[in-house]
Amino acid sequence: MNLIAPESLVFWTTIIFVVFFFILKKVAWKPILTAVKNREDSINNALAAAEEARKEMANLKADNERILNEARAERDAMLKEAREMKDNMINEAKEQAQTEASKLIEQAQVAIQNEKNAAIADLKGQVAEISLEIAEKVVKSELSDDKKQLELVNSLVKDVTLN
Amino acid sequence: MIIAKKSIKTFILSMLLSVSLVGSLFAQGHHGEESSHGHDQSSHHEEEAFNPSEFINDHIADAHEFHIADWGGHAISLPLPVILWTEKGLVTFMSSEFGHGAYRDKKASEFTRTDHHRKIVEKNGMKFELVNGNIYYADKVAEIHPEELKDLASAFDFNVRPLNFSLTKNAFSMILSVIFLYLIFAKVGRSYKKNKMAPKGIAGLMEPLVIFVRDDIAIPNIGAKKYAKFMPYLLTIFFFIWINNLIGLIPFFPFSSNLTGNLAFTFTLAFITFLITSFNGNKNYWGHIFAPPVPWPLWILMIPVEIIGMFTKPFALMIRLFANIAAGHIIILSLVALIFIFKTVFIAPVSGAFVIFMSFLELLVAALQAYVFTLLSALFIGQAVDDHH
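All figures in this text were calculated on a predicted structure; none of them were measured in a lab. (Residues numbered from 1 in each chain as written. Chains lettered and ligands numbered in written order. Predicted model: local features only at pLDDT ≥ 70, side-chain atom pairs only at ≥ 80, totals over all residues.)

### Structural notes on the overall build of chain A
- Scanning chain A from terminus to terminus reveals two helices and zero strands.
- Its C-alpha atoms give chain A a radius of gyration of 65 Å, more than 25% over the compact-globule value 15 Å for 163 residues.
- Referenced to the eigenvectors of the C-alpha coordinate spread, the extents of chain A come out at roughly 200 × 25 × 25 Å.
- Buried positions account for 9% of the 163 residues belonging to chain A. (Helix = DSSP H or I, 4+ residues; strand = E, 2+ residues; numbered from the N terminus. Rg over C-alpha atoms; globule rule 2.2 N^0.38 Å. Buried ≥ 20, exposed ≤ 12 C-beta atoms within 10 Å, placed from the backbone.)

Below, the structure is given as structure tokens:
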């Protein structure tokens with residue numbers, strides 16, 4: 001091993017390396033490391049934000065789902081209620097119609113009865129009148145001559161029992 | 001069709017690679033011959049024996065000039081400044097002056113193959129001599145055989161050589177790598193200032209690497225609270241080592257240096273990690289070293305162990321990077337050397353194929369060792385700043 005002027009290389013290496021180190025530190029390592037660090041930070045932040053957004057999205061989705069379910073349940077309830085209401089209304093209407101109908105029928109019956117009664121009464125009056133007229137006419141005809149009058153009186157007198 | 005194209009490309013590449021290396025070796029052989037021509041009066045013309053270890057050492061060692069190619073027996077090199085702190089103060093000149101210098105007067109039998117490098121330059125009344133690539137005071141090494149100067153102790157013997165702050169081939173290559181990295185990362189940095197959206201172009205290419213260093217090296221080892229302070233250092237060494245590993249794999253000018261496979265370089269980086277670890281060490285770290293959590297009689301044993309441990313960690317960093325990269329270069333060069341050991345060009349395709357294979361492996365190693373160095377630096381820093389335990 002032939003060492004040629006080792007002190008020279010130690011000397012130059014020291015000087016060159018130290019100068020090189022400080023120059024490179026300034027022009028390269030500092031900017032590179034800072035830039036890389038900043039970029040990593042920003043990437044990490046972006047990733048964290050994305051994760052956050054994803055979670056929020058999931059929450060939102062869950063919320064939506066819940067709201068949708070609620071709405072669906074509400075709709076179902078409303079439908080059910082409506083159906084019940086409809087049934088009720090129909091039933092009520094039916095009942096009412098029934099009562100109304102029976103009432104009308106009753107009234108009609110009453111009216112008919114009344115009319116009937118009136119008619120009967122009227123008829124009775126008319127019959128009486130007609131009978132009276134007939135009787136008048138008959139009596140008139142019966143009493144048209146004296147003989148017949150006498151006969152009648154006789155018959156009447158016959159009927160009358162004097163007591 | 002695509003596969004066929006690819007394999008043809010690979011083949012051509014391997015051929016080019018082996019041819020260029022063969023060319024440079026032939027030229028070197030020629031060189032050596034020439035130099036012996038000039039001095040060898042008896043002019044024995046026998047072929048010089050090829051010495052692979054010398055060849056490899058030549059290629060993985062640092063140098064004062066940047067050898068580009070050989071042309072017509074002459075080396076074409078980029079001269080680099082030589083900066084010496086001598087007994088008489090600062091001396092500077094271009095490395096090309098060694099090429100014009102005079103040869104030392106020596107008996108021919110004493111010359112080695114590398115002696116064509118042994119030239120003397122005179123400045124400020126002092127003579128400097130290039131021996132085995134190192135610069136010595138010429139008059140102080142006159143009596144020493146070049147091989148003796150190769151041992152580690154004499155590499156640091158500043159009686160025989162001046163303090164040398166030359167801008168060597170490796171330093172040149174390092175400046176190149178730094179400029180290259182600056183151009184890339186300044187552009188990336190600018191693009192981040194302008195573009196707040198997803199990164200585009202080169203920034204998009206570099207960002208995963210930066211994030212890799214942050215998320216797989218810094219944060220797991222230092223902790224999410226404290227890593228930020230050390231990121232610039234970790235990023236810098238990661239890219240700095242990686243790019244220099246890659247530059248070392250490209251086998252032509254202005255690349256081909258063996259910077260990260262150089263002990264002085266890895267020592268400096270490991271030492272910087274050591275300094276950062278020590279200066280950022282908190283109460284727990286120092287407490288662990290100077291008051292280990294063991295019964296106090298054991299401190300006699302434990303404290304020295306812990307203190308040694310402080311140094312072995314960066315030492316391991318230094319050796320690991322150096323050994324891995326140097327080994328890669330040595331293997332590739334050994335494969336090329338096979339051609340000259342067998343003295344046939346027919347081994348070239350085999351060597352070339354293995355060199356290609358090794359180069360791909362070295363591409364992996366280049367990234368891996370940059371990663372390991374950064375990872376272990378982060379680990380040591382993490383241990384030093386750890387709060388609990």
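### Some thoughts on the interface of chain A and chain B
- Counting residues at the interface gives 28 residues for chain A and 44 residues for chain B.
- Along the lines of polarity and charge, the residues of the side of chain A that touches chain B split into 22 nonpolar, four polar and two charged. (Contact = placed C-beta atoms within 7 Å. Nonpolar A, V, L, I, M, F, W, Y, C, P; charged D, E, K, R; others polar.)

### Considerations on the domain arrangement of chain B
Residues and elements named next belong to chain B.
- The assigned domain composition of chain B is domain 1 (2-167) and domain 2 (170-385).
- Of all elements in the fold, only α1 (2-39), α2 (52-60) and β1 (65-71) reach the threshold of two or more residues within the side of domain 1 that touches domain 2.
- In the side of domain 1 that touches domain 2, the residues fall into 14 nonpolar, four polar and one charged. (Domains from an automatic or database assignment.)

### Observations regarding the nonpolar core
All names here are of chain B.
- Formed by 92 residues in total, the largest nonpolar core has its most connected members in Ala218, Phe230, Leu234, Leu235, Ile237, Phe238 and Ile241.
- A total of 14 residues in this core trace back to one element, the largest contributor, which is helix α7 (residues 227-249).
- Residue assignment places this core across two domains, with domain 1 (2-167) and domain 2 (170-385) each supplying three or more.
- Ignoring anything within four residues of it in the chain, the contact list for isoleucine 241 reads Thr260, Leu321, Gln369, Ala370 and Phe373. (Core = buried A, V, L, I, M, F, W, Y, C linked by C-beta atoms within 7 Å.)

### Some remarks on the environment of Thr236(B)
- Mapped onto the elements of the fold, Thr236(B) is located in helix α7.
- Owing to 25 C-beta atoms within 10 Å, Thr236(B) belongs among the buried residues under this scheme.

### Observations regarding the packing of helix α9 (residues 283-290) of chain B against helix α10 (residues 299-342) of chain B
Residues and elements named next belong to chain B.
- Packing of α9 against α10 leaves a shortest axis separation of 7 Å and a crossing angle of 130°. Regarding the angle of α9 to α10, the classification is oblique. For the pair α9 and α10, the contacting residues are His288, Ile289 and Phe290 in the first and Ile303, Glu306, Ile307 and Met310 in the second.
- Considered class by class, the residues forming the contact of α9 with α10 number five nonpolar, one polar and one charged. (Axes fitted to C-alpha atoms, helices over the stretch in contact; angles between N-to-C directions. Parallel < 35°, antiparallel > 145°, perpendicular 65-115°, else oblique.)

### Some details on the confidence of the model for chain B
Residue and element names in this part refer to chain B.
- Here chain B averages 79 in pLDDT, while 82% of its residues score no lower than 70.
- Across residues 15-46, where pLDDT falls below 50, the model places 36 contacts with residues more than four positions away in sequence or in other chains.
- Long-range and interchain partners of residues 101-117, a stretch whose pLDDT sits below 50, account for 30 contacts in this model, where long-range means more than four residues apart.
- Per the prediction output, this complex has pTM 0.72; the corresponding ipTM is 0.81. (pLDDT = per-residue confidence, 0-100.)

### Some points on the sheet that holds strand β3 (residues 81-86) of chain B
- Strands sit in the order β4-β3-β9 (chain B) across an open sheet of three strands; the sheet is antiparallel. What marks the edges here is a single partner per strand, and that holds for β4 (89-94) and β9 (163-164) of chain B. (Pairing = 2+ DSSP bridges.)

### Topic: the pairing of β3(B)
Residue and element names in this part refer to chain B.
- In terms of strand pairing, β3 meets β4 through six bridges, oriented antiparallel. Directly across from valine 82, in β4, lies its bridge partner phenylalanine 93.
- Adjacent in sequence and paired antiparallel, β3 and β4 are bridged by two residues.
- Pairing geometry for β3 and β9, over two bridges, is antiparallel. Counterpart to tryptophan 85 in the pairing with β9 is leucine 163.

### Brief notes about unusual backbone geometry
Residue and element names in this part refer to chain B.
- With omega at 5°, the peptide bond leading from phenylalanine 253 into proline 254 counts as cis.
- As for its position among the elements, proline 254 is in the loop between α7 and α8 (263-280).
- For serine 256, which is not a glycine, the phi torsion comes out positive at approximately 70°.
- Along the chain, serine 256 turns up in the loop between α7 and α8.
- Judged by the 18 C-beta atoms lying within 10 Å of it, serine 256 falls in the partly exposed class.

### Quick notes on the packing of helix α6 (residues 201-222) of chain B against helix α11 (residues 348-385) of chain B
Residue and element names in this part refer to chain B.
- At a minimum axis separation of 7 Å, α6 and α11 run at an interaxial angle of 30°. As summarised for this structure, α6 and α11 are arranged roughly parallel, according to the angle between their axes. Relative to α11, the crossing made by α6 is right-handed. Contact residues: α6 offers Val213, Ile217, Ala218, Asn221 and Ile222, while α11 offers Thr374, Leu375, Ala378, Leu379, Ile381, Gly382 and Val385. (Left-handed = near helix turned anticlockwise from the far one by under 90°.)

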